[in-house]
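# Examining the three-dimensional arrangement
Below are the chains, spelled out letter by letter.
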Amino acid sequence: MNQEALILERLDRIEAKLTPLLEASASMQELKNDLTPLANHAVKSLIEELQEVESSFQLEDLLALGKQLLRSVRHLTYALRQLGNLIDFVTTLEPLLKSSVPQIINYLDDLEQRGVFRILNATLGIRAKIAAEYTPEDIEQIGDGLVALLGFAKKLTDPQAKAFFESMIEVPCSVDLSKAKCVSPIGLLWGGSKKELKDGLGVLLELTKGLGKLKEASSSAATREARRMGE
């Protein structure tokens with residue numbers, strides 16, 4: 001093989017190696033030609049957008065923000081971890097909410113149908129009227145009175161008290177006042193021999209003994225009130 005054949009062979013090998021490079025260069029040039037208008041448009045849009053914040057934006061602010069982010073990496077990591085836990089909690093709770101929310105809605109609708117919310121609204125109106133009519137001191141005194149009434153109601157639960165008041169309620173039903181007649185002192189002495197009158201006088205005597213305790217209770221209440229006012 002002569003010298004010229006060797007040179008031509010080498011040139012063919014070089015050409016074969018350069019062909020892919022030339023094709024890649026051509027592809028890159030085409031890509032550059034395609035991207036250049038898009039890049040120019042993006043840069044132009046970025047410049048226009050930055051002009052709106054030009055008066056408020058300073059490079060020092062961006063640097064300060066970067067430093068603050070670097071200092072808060074640990075806090076950001078913790079916040080992201082807690083956010084993940086919150087998402088897991090919501091994901092776990094979602095099936096329960098799907099089943100319980102309709103029940104809650106039905107329950108609230110039932111309360112609305114029975115007028116519970118209207119009663120609550122009326123109660124608020126009553127509170128407003130009480131606040132306009134009475135001072136806080138008056139409300140405190142009324143509260144003391146209600147506490148005393150509750151104590152009285154508690155005492156009414158005693159079996160003897162219940163039996164006494166039930167008997168007292170039945171008395172008007174068993175007495176016919178239309179048959180009542182005028183009685184003279186002699187008639188009173190004559191009626192005293194009857195068993196019913198004797199029983200009634202005995203009950204009246206026991207009640208009179210009990211009424212004597214009202215004086216002591218009134219004196220004690222007055223003393224307590226005087227002490228409270230003195231404090």
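It should be noted that the structure appears before, not after, this text.
Quantities reported herein were computed from a predicted structural model and do not represent experimental measurements.

### Some points on the overall build of the protein chain
Of the regular secondary structure elements, the protein chain holds nine helices and zero strands. Listing the helices and strands of the protein chain from first to last along the sequence gives α-α-α-α-α-α-α-α-α. Residues counted as buried form 2% of the 231 residues belonging to the protein chain. For the protein chain, the accessible area works out to roughly 21,500 Å², and carbon and sulfur atoms hold 65% of it.

### A short note on helix H3 (residues 73–113)
Most pronounced at Glu-94, the bend in H3 amounts to some 40°, and the proline Pro-95 follows within four residues. Looking one or two residues past H3, Gly-115 carries a phi angle of roughly 80°, positive in sign.

### So, a nonpolar patch on the surface
On the surface, Ile-126, Ile-130, Tyr-134, Ile-139, Ile-142, Leu-146 and Leu-149 cluster together into a nonpolar patch covering about 620 Å² of accessible area. For the nonpolar patch, the elements supplying multiple residues, two or more each, are helix H4 (116–133) and helix H5 (136–156). Examining the composition of the nonpolar patch, we find that four residues originate from one element, H5, more than from any other. Checked against the element boundaries, Ile-142 lands in helix H5. For Ile-142, a relative accessible area of 38% corresponds to the partly exposed category.

### Brief notes about the packing of H3 against H4
Two elements in contact, H3 and H4, have axes whose closest approach is 5 Å; the angle formed by their N-to-C orientations is 65°. Only Val-116, Phe-117 and Arg-118 of H4 make contact with H3, whose side of the interface consists of Leu-108, Leu-111, Glu-112 and Gln-113. Residues belonging to the contact of H3 with H4 are distributed by class as follows: four nonpolar, one polar and two charged.

Rules of the game
Residues numbered from 1 in each chain as written. Predicted model: local features only at pLDDT ≥ 70, side-chain atom pairs only at ≥ 80, totals over all residues. Heavy atoms only, no water. Helix = DSSP H or I, 4+ residues; strand = E, 2+ residues; numbered from the N terminus. Buried < 20%, exposed > 50% of the residue type's maximum accessible area, 1.4 Å probe, protein only. Areas by Shrake-Rupley, 256 points an atom, 1.4 Å probe, with all protein chains shown as cover. Bend = angle between axes of the 7 residues up to and from the residue. Patch = residues over 30% accessible without salt bridge, like charges linked within 9 Å, V, L, I, M, F, W, Y side chains within 5 Å. Salt bridge = Lys/Arg side-chain N within 4 Å of Asp/Glu carboxyl O. Axes fitted to C-alpha atoms, helices over the stretch in contact; angles between N-to-C directions. Contact = heavy atoms within 4.5 Å. Nonpolar A, V, L, I, M, F, W, Y, C, P; charged D, E, K, R; others polar.

Just distances and angles here, no functional claims.
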